[in-house]
Amino acid sequence: QVQLVESGGGVVQPGGSLRLSCAASGFTFSSYAMSWYRQAPGKEREFVAIIASADSSTNYANSVKGRFTISRDNAKNTVSLQMNSLRPEDTAVYYCNVKKQSGGFLLSYWGKGTLVTVSS
């Protein structure tokens, strides 16, 4: 079955950096786009970044563009999120996501998330 396990969260000061990783298993990783989402306290989950399967093209939420970089390693079945110039408003639980077609339905799989806290 699909498993996504995030790691790398923690507490960092404003302006600092963190690198999140997501280890994927249970599906052909190289064939699927991978995404990061986040959910801040009291807010809805929101899209952060996506990386395509074929050409590793990327897209970002405007709020993180120029500060965050998503990458993937198909040999290791991992997707990473390098976060620089972190701000207090980046505080959230960060989730790894993959969407797969199954029986005519688009199924969305999530990890359990990793908490990022940006605070002085």
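You'll find the structure just up there.
Notes on the structure in this doc start here. Here the structure is a predicted model, which is why all the values come from computation and not from measurement.

## A few points about the state of the cysteines
So, point 1. What the rule picks out here adds up to one disulfide.
So, point 2. Paired through a disulfide, Cys22 and Cys96 show a sulfur-sulfur distance of 2.2 Å. Looking along the S-S bond of the Cys22-Cys96 disulfide, the torsion reads about -85 degrees, which is the left-handed sense. Within this pair, whereas Cys22 is found in strand S3 (residues 18–25), its partner Cys96 is found in strand S9 (residues 92–102), the two being separated by 74 residues in sequence. Each member of the pair, Cys22 as well as Cys96, is classed as buried.

## Brief notes about the nonpolar core
So, point 1. Within the largest apolar cluster, 30 residues are counted, with the highest numbers of intra-cluster contacts made by Leu4, Met34, Trp36, Val79, Leu81, Met83 and Tyr94.
So, point 2. Residue assignment for this core shows that the elements contributing at least two residues are S3, strand S4 (34–39), strand S5 (46–51), strand S7 (68–73), strand S8 (78–83), S9 and strand S11 (114–118).
So, point 3. Among all residues touching Leu4, those that are not within four sequence positions of it are Cys22, Ala23, Ala24, Phe27, Met34, Cys96, Asn97, Val98, Tyr109, Trp110, Gly111 and Lys112.

## Points about unusual backbone geometry
So, point 1. Even without glycine at this site, Asn77 takes up a positive phi of about 55 degrees.
So, point 2. By relative accessible area, Asn77 is classed as partly exposed at 26%.
So, point 3. Backbone geometry at Ser85 places phi at a positive 50 degrees, although glycine is not the residue there.
So, point 4. The residue Ser85 is located in the loop between S8 and S9 in this model.
So, point 5. Taking relative accessible area as the criterion, Ser85 reaches 41% and is therefore assigned partly exposed.

## Considering the packing of aromatic side chains
So, point 1. Going through the model one piece at a time under the given rule, you end up with five aromatic pairs.
So, point 2. Here Phe27 and Phe29 contribute two aromatic rings whose centre-to-centre distance is 6.3 Å and whose plane-to-plane angle is 50 degrees, an arrangement assigned as tilted. In this pair, the class of Phe27 matches that of Phe29, namely buried.
So, point 3. Between the aromatic rings of Tyr95 and Trp110, the centroid separation amounts to 6.3 Å while the plane-to-plane angle is 85 degrees, which identifies the pairing as edge-to-face. Of this pair, Tyr95 sits in strand S9 while Trp110 sits in strand S10 (residues 105–110), placing them 15 residues apart in sequence.

## Side note on the environment of Cys96
So, point 1. With relative accessibility at 0%, the residue Cys96 sits in the buried group.
So, point 2. Each C-alpha atom, one on Cys96 and one on Gln39, is 12 Å from the other, the two residues being 57 residues apart in sequence.
So, point 3. Dropping the residues within four chain positions of it, Cys96 is found in contact with Leu4, Glu6, Cys22, Met34, Ser35, Trp36, Val79, Tyr109, Trp110 and Gly111.

## Considerations on the pairing of S5
So, point 1. Here S4 pairs with S5 via five bridges, running antiparallel. The residue of S5 that forms the bridge with Trp36 is Ala49.
So, point 2. Here S4 folds back onto S5 in antiparallel fashion, the turn holding six residues, of which Gly42 has a positive phi close to 75 degrees.
So, point 3. Strand direction decides the pairing type here: S5 and strand S6 (residues 58–60), joined by three bridges, are antiparallel. By the bridge assignment, Ala49 is partnered in S6 with Tyr60.
So, point 4. Counting the residues in the hairpin turn of S5 and S6 gives six residues, including Ser56, whose phi is positive at 55 degrees.

Criteria and cut-off values
Residues numbered from 1 in each chain as written. Predicted model: local features only at pLDDT ≥ 70, side-chain atom pairs only at ≥ 80, totals over all residues. Heavy atoms only, no water. Disulfide = S-S within 2.5 Å. Helix = DSSP H or I, 4+ residues; strand = E, 2+ residues; numbered from the N terminus. Buried < 20%, exposed > 50% of the residue type's maximum accessible area, 1.4 Å probe, protein only. Core = buried A, V, L, I, M, F, W, Y, C linked by side-chain atoms within 4.5 Å. Contact = heavy atoms within 4.5 Å. Phe/Tyr/Trp six-rings, centres within 6.5 Å; stacked < 30°, edge-to-face > 60°. Pairing = 2+ DSSP bridges.

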